[in-house]
Amino acid sequence: MNNVGDGVLQDVTRVVIETEEESPITIATITVDKVVVAEGYRVRLTPNYDD
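I will try to describe carefully the structure that is included in this document.

## Focus on the overall build of the chain
The helix and strand tally for the chain stands at 0 helices and 3 strands. Going from N to C terminus, the chain has its helices and strands arranged as β-β-β. Taking 51 residues into account, the globule formula puts the C-alpha radius of gyration at 10 Å, and the chain, at 13 Å, lies well above it. A principal-axis box enclosing the C-alpha atoms of the chain has dimensions of 40 × 25 × 15 Å. Taking all 51 residues of the chain together, 6% fall into the buried category. Put simply, the chain shows about 4,800 Å² of open surface, and 45% of that area lies on carbon and sulfur atoms. One way to put it: in the chain the 4 positive side-chain charges average out to a point 8 Å from where the 10 negative ones average out.

Put into structure tokens, the structure is as follows:
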């Protein structure tokens, strides 16, 4: 499986953003090839312009 990125994300295969509740609700899941976002939320990605 591919890593999400470099630096702090170099050993990460998936990022899950969720609410901080007893039964958390997933807001977004980000993998190397897919972004899934709950309705009413958005994820903004910034490309690397150095390449």
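## Remarks on the sheet that holds strand β1 (residues 14-18)
Pairing between the strands of a sheet comes from backbone hydrogen bonds, and it takes one of two forms, parallel or antiparallel. One open sheet holds the 3 strands; their spatial order is β1-β2-β3, and the pairing between them is antiparallel. With one partner strand each, in any of the chains shown, β1 and β3 (35-37) form the two edges of the open sheet. Going across the sheet, the axis of each strand differs from the next one's by a mean of 10°, ignoring polarity. Bridging between strand β2 (residues 26-31) and β3 involves 3 bridges; their strand directions are antiparallel. By the bridge assignment, A28 is partnered in β3 with V37.

## Quick look at a nonpolar patch on the surface
A surface patch of nonpolar side chains, amounting to about 430 Å² of accessible area, comprises V35, V37, Y41, V43 and L45. For V37, the position within the fold is in strand β3. Residue classification places V37 among the partly exposed residues on the basis of a relative accessible area of 32%.

## Examining the pairing of β2
As paired elements, β1 and β2 share 5 bridges and run antiparallel to each other. Residue pairing across strands places V15 opposite I30, the latter belonging to β2. A loop of 3 residues connects β2 with β3, the two strands running antiparallel in sequence.

Thresholds applied
- Residues numbered from 1 in each chain as written.
- Predicted model: local features only at pLDDT ≥ 70, side-chain atom pairs only at ≥ 80, totals over all residues.
- Heavy atoms only, no water.
- Helix = DSSP H or I, 4+ residues; strand = E, 2+ residues; numbered from the N terminus.
- Rg over C-alpha atoms; globule rule 2.2 N^0.38 Å.
- Buried < 20%, exposed > 50% of the residue type's maximum accessible area, 1.4 Å probe, protein only.
- Areas by Shrake-Rupley, 256 points an atom, 1.4 Å probe, with all protein chains shown as cover.
- Lys, Arg positive; Asp, Glu negative; His and termini not counted.
- Charge placed at Lys NZ, Arg CZ, Asp CG, Glu CD.
- Pairing = 2+ DSSP bridges.
- Axes fitted to C-alpha atoms, helices over the stretch in contact; angles between N-to-C directions.
- Patch = residues over 30% accessible without salt bridge, like charges linked within 9 Å, V, L, I, M, F, W, Y side chains within 5 Å.
- Salt bridge = Lys/Arg side-chain N within 4 Å of Asp/Glu carboxyl O.

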